[in-house]
Amino acid sequence: MIILYDTNNQPMYPLEVDPDSYVITHKASGLDLLSFDLPVNHEHLPHLGEEIRVEAEGNLYVIKSLDDSGDGVSVDCELDLDAWKTEIRKTFTTESGEGDTKTDTPITLAQVLEQITPTGWSCSTSGLNSSQTASFKLENVTNYDILSKAMKEYDDVGYRFDTKVTAGGKDKTLSVFSTNNKEPSAVYVTDELNLESLKFSGDSTDLVTRLYAYGKDGLTMAGASGGSDGQTYGLEYVEDTSYTKQIICGVMKDTSIEDANELKAAAEKKLKELAYPKRSYQCSVVDLAKLNPEYSFLTFQMYQVVTLIDRTRNTTVNHQVVEYKEYPLKPEKNVVTLSTTAPRIETSIGNIQNSIQEQQDYTNNELQNAIQHATDLITGVDGGVIKIRFQNGKPAELLILQKDSDDWTNTPMWRWNVQGLGYSDKGIEGPFETAITNDGYINAQRIFAGSLSASQITGGILKSTDGSLQFDLGSSQLTVPGLMVTSPNESTISFNGGGGKYITFNSDSGDEVFIYFNSGGTSSRIGNYGRGTEGCIYIEPGMAGQTMQPGKIIFRGINSTPTSNADANVEIYGSLNVNGVNITRAVQALVEIQAQQRNLTSEQQAKLSAITEELEQAERKRSQQEYPES
């Protein structure tokens, strides 16, 4: 059952979803994913939205992506871990002391979690039997950032997030446990019982059975303890020929290691990964434990060691479960991924962060061309030399030179140090016109991106890919071949503040210029046909259709409504032409009327003359008030 929460984070809407689309992917990082589809006519579809909570199989997820294909909506969710991101730590470090007395004290994973577990969460480390330690020095990070860093630093550790508070008030829980247990469980997979399909991949490209290791200043493991004489190890390599007796040598270098015993331990750990082929099996299985209680002993769990009976290859192998796709409503579709080694957590995290972005279809040709250009440059490189610059006996920065040269002042190069990464074709002293610096600046001639999000953009000209649309931020000039502004709601374009305001429409070729007003089937326009030497304003109302039907020109006050009119004053300076009659003043209009009244009686004529005299006097008085100098 999936339950959709409302905007107040309260469970409200049970969702009936497509059983074939409802899947929970259990990841090696513990950062599980939830996906499901809904039909477009689903009654609760209006309540869906990014960052809305969803409850599924006892965990709380956050909707991160909605994809409406027209036939239905696909929903992708991540575990609700927002509580781990609510604050920023200026620093998180294992260093203590000040100045010359500052020392670094590596800490265990349990000690890290003790400091970063947020309110409302508890952390269980009872299944963690590792005492490995690591050092941290992080700035401006959230607790989630620190947790992600810890996932990279501590090996052979599994994570499980329980993100829903139970009815009994149980806190949300992060459980950590060791994954280096290689003892097989009683669970097995075979095509005679529960295996529907099997995909196998194997790779021994990097196979090494004898590993030489070197630390700082050429340190070897020869002086480490553990030799056959009880004194020293005496060899510069470690060896593992369990898979093959063939001697295949490899070299490991780690200049941060200054102790022979530490170097030997690191080499042995590395050799465990290299001495066996990388093999993985992806199994489509019938989850019998979910279908029949009698098969509860075949329940799959993350990092569980499962016995795979591969009758095709006549082998029986023990592999760990490193990914488990669970279809809660269709357990016969479940997919289990088995591997000889658990994937490193940082790889899983990268995949999690990219999983939703990978669904986007970047079809921008210019972006694709830029990607291809970069690919051609990088894959087609011929030559180049890497140099490491030392400071006080320690490596301080990396130089990638275009060619081998001792004259670094004139050799094009990439320079990479703690302050940033930059390229200069003038040499080591720059200038670095292409650079990324640790204060957050990026310098580049051109930046291509599928999507760009910024709180502020400062620049010269914004333009479309084909250059037809340009916005010059310096001159405040917008150039477009044709502009359409579309809004689903009522919109107002306004120009506020002091100073004059102008809207100008120019046609240098003398063509017509009109502003159209369309609403509910009516169409009116105001403009200029651009013909002749006289300046004319045309107001043309009408009804839209095959032919324009005549409409009305109405002058009304600003407070008018569709059913009532407010008073408006109309003043005309100059001539007014009505149906071919030119009217310059009200008096002149009356004179025109008087001339046309040929059948008036003498009494009517006298009254009309009196009215005309009064109007003439009023007009002369008004003219003297308006134009006293005339």
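About the thresholds
- Residues numbered from 1 in each chain as written.
- Predicted model: local features only at pLDDT ≥ 70, side-chain atom pairs only at ≥ 80, totals over all residues.
- Heavy atoms only, no water.
- Helix = DSSP H or I, 4+ residues; strand = E, 2+ residues; numbered from the N terminus.
- Contact = heavy atoms within 4.5 Å.
- Areas by Shrake-Rupley, 256 points an atom, 1.4 Å probe, with all protein chains shown as cover.
- Salt bridge = Lys/Arg side-chain N within 4 Å of Asp/Glu carboxyl O.
- Polar contact = N/O pair within 3.5 Å; in protein donor to acceptor, adjacent residues only side chain to side chain.
- Expected span 1.5 Å × (residues − 1).
- Buried < 20%, exposed > 50% of the residue type's maximum accessible area, 1.4 Å probe, protein only.
- Arc of directions from axis to C-beta.
- Pairing = 2+ DSSP bridges.
- Axes fitted to C-alpha atoms, helices over the stretch in contact; angles between N-to-C directions.
- 1 Å grid on protein atoms, 1.4 Å probe; cavity = no way out; pocket = protein on both sides within 12 Å on 5 of 7 lines; lining within 4 Å.
- Points joined across faces, edges and corners; volume = space filled by probe spheres on them.
- Nonpolar A, V, L, I, M, F, W, Y, C, P; charged D, E, K, R; others polar.
- Phe/Tyr/Trp six-rings, centres within 6.5 Å; stacked < 30°, edge-to-face > 60°.
- Parallel < 35°, antiparallel > 145°, perpendicular 65-115°, else oblique.
- Core = buried A, V, L, I, M, F, W, Y, C linked by side-chain atoms within 4.5 Å.

Draft legend 1. Quick look at the overall build of the protein chain. Each helix and strand in the protein chain was counted, giving eight helices and 40 strands. Counting contacts in the protein chain only where the partners sit at least 6 residues apart, residues at least 24 apart contribute 52% of the total. Counting every atom, the protein chain has about 41600 Å² of accessible surface; 48% of that belongs to carbon and sulfur.

Draft legend 2. Highlighting the pattern of salt bridges. Considering all chains together, one arrives at 20 salt bridges under this definition. Arg160 is the salt-bridge partner of Asp32, the closest N and O atoms lying 3.4 Å from each other. Residue Asp32 is located in the loop between strand 3 (23-26) and strand 4 (33-39), and its partner Arg160 is located in strand 15 (residues 157-162); the two are separated by 128 residues in the primary sequence. Three or more residues joined by partner-sharing salt bridges are found here, namely Arg53, Asp80, Asp82 and Lys172.

Draft legend 3. View of the environment of Glu239. Residue placement: Glu239 occurs in strand 20 (residues 237-239). Each C-alpha atom, one on Glu239 and one on Ala267, is 9.5 Å from the other, the two residues being 28 residues apart in sequence. A polar atom in the side chain of Glu239 sits 2.6 Å from the side chain of Arg210.

Draft legend 4. Highlighting helix 3 (residues 260-274). Its 15 residues give helix 3 an end-to-end C-alpha distance of 21 Å, which sits within 8% of 21 Å, the value for a rise of 1.5 Å per residue. For helix 3, every residue scored as buried is listed here: Ala260, Leu263, Lys264, Ala267, Leu271 and Leu274. Down the axis of helix 3, the sector holding all buried residues measures 95 degrees, keeping them to one side. Against the buried residues of helix 3 lie strand 19 (210-214), strand 20 and strand 21 (249-253). N-cap assignment for helix 3: the residue whose side-chain oxygen lies 3.1 Å from the backbone N of Asn261 is Asp259.

Draft legend 5. Broad picture of the environment of Tyr516. Of note, Tyr516 is situated in strand 35 (residues 513-519). Within polar-contact distance, the side chain of Tyr516 engages the side chain of Arg525 at 2.5 Å.

Draft legend 6. Broad picture of the sheet that holds strand 16 (residues 172-178). The strand order across the open sheet formed by three strands is 12-16-15, and the pairing between neighbours is mixed. Looking along the sheet, the strands with just one partner apiece sit at the ends: strand 12 (121-127) and strand 15. Each strand of the sheet is rotated relative to its neighbour by a mean of 20 degrees, with strand direction disregarded. Here strand 12 pairs with strand 16 via five bridges, running parallel.

Draft legend 7. Expanded view of the pairing of strand 2 (residues 11-15). Pairing analysis gives four bridges linking strand 1 (residues 2-5) to strand 2, with the strands arranged antiparallel. Each bridged residue has a counterpart across the sheet, and for Leu4 the counterpart in strand 2 is Tyr13. Counting the residues between successive antiparallel strands, the hairpin from strand 1 to strand 2 contains five residues, one of them, Asn9, with a positive phi of roughly 65 degrees.

Draft legend 8. Representation of the side chain of Ser29 in the model. Structurally, Ser29 is set in the loop between strand 3 and strand 4. A polar side-chain atom of Ser29 sits 3.2 Å from the main-chain amide nitrogen of Leu31.

Draft legend 9. Seen up close, empty space enclosed by the protein. Considering all chains together, one arrives at one cavity of 30 Å³ or more under this definition. What the largest cavity holds in volume is close to 40 Å³. Residues that form the lining of the largest cavity fall into these classes: three nonpolar, two polar and three charged.

Draft legend 10. Representation of the packing of aromatic side chains. Tallying each qualifying case throughout the model produces nine aromatic pairs. When the centroid spacing of 6.2 Å and the interplanar angle of 35 degrees are considered together, the rings of Phe136 and Tyr154 count as tilted. Residue Phe136 is located in the loop between strand 13 (133-134) and strand 14 (137-141), and its partner Tyr154 is located in the loop between helix 2 (143-153) and strand 15; the two are separated by 18 residues in the primary sequence. Comparing Phe136 with Tyr154 shows no difference in burial state: the two are buried. What links up through ring pairs into an aromatic cluster is the set Phe514, Tyr516, Tyr529 and Tyr538.

Draft legend 11. A look at the sheet that holds strand 31 (residues 442-443). Spatially, 26-27-28-29-30-31 is the arrangement adopted by the six strands of the open sheet, whose pairing is antiparallel. One side of each edge strand has no neighbouring strand; the edge strands of this open sheet are strand 26 (385-391) and strand 31.

Draft legend 12. Structural context of the packing of helix 1 (residues 109-116) against helix 2. Relative orientation of the contacting elements helix 1 and helix 2 amounts to 170 degrees, with a least axis distance of 10 Å. Our classification of the angle between helix 1 and helix 2 gives roughly antiparallel. Contacts from Leu109, Val112, Leu113 and Ile116 of helix 1 reach helix 2 at Asn143, Ile146, Leu147 and Ala150. When the residues that make up the contact of helix 1 with helix 2 are grouped by side-chain class, the tally is seven nonpolar, one polar and no charged.

Draft legend 13. Examining the nonpolar core more closely. Grouped together as the largest cluster of nonpolar side chains are 47 residues, with contacts concentrated most on Phe36 and Phe161. When residues of this core are assigned to their parent elements, the largest contribution, five residues, is made by helix 2. Residues contacting Phe36, with those up to four places away along its chain left out, are Ile2, Leu15, Val17, Ser21, Tyr22, Val54, Val73, Ser74, Val75 and Cys77. With 15 residues, the next largest nonpolar core counts Leu211, Ile257, Ala260 and Ala267 among its residues.

Draft legend 14. Looking closely at unusual backbone geometry. In this model, Gly430 is joined to Pro431 through a cis peptide bond whose omega is 10 degrees. Structurally, the position occupied by Pro431 is in the loop between strand 29 (420-424) and strand 30 (434-437). The backbone of Asn9 shows a phi angle near 65 degrees, a positive value even though the residue is not glycine. Mapped onto the elements of the fold, Asn9 is located in the loop between strand 1 and strand 2.

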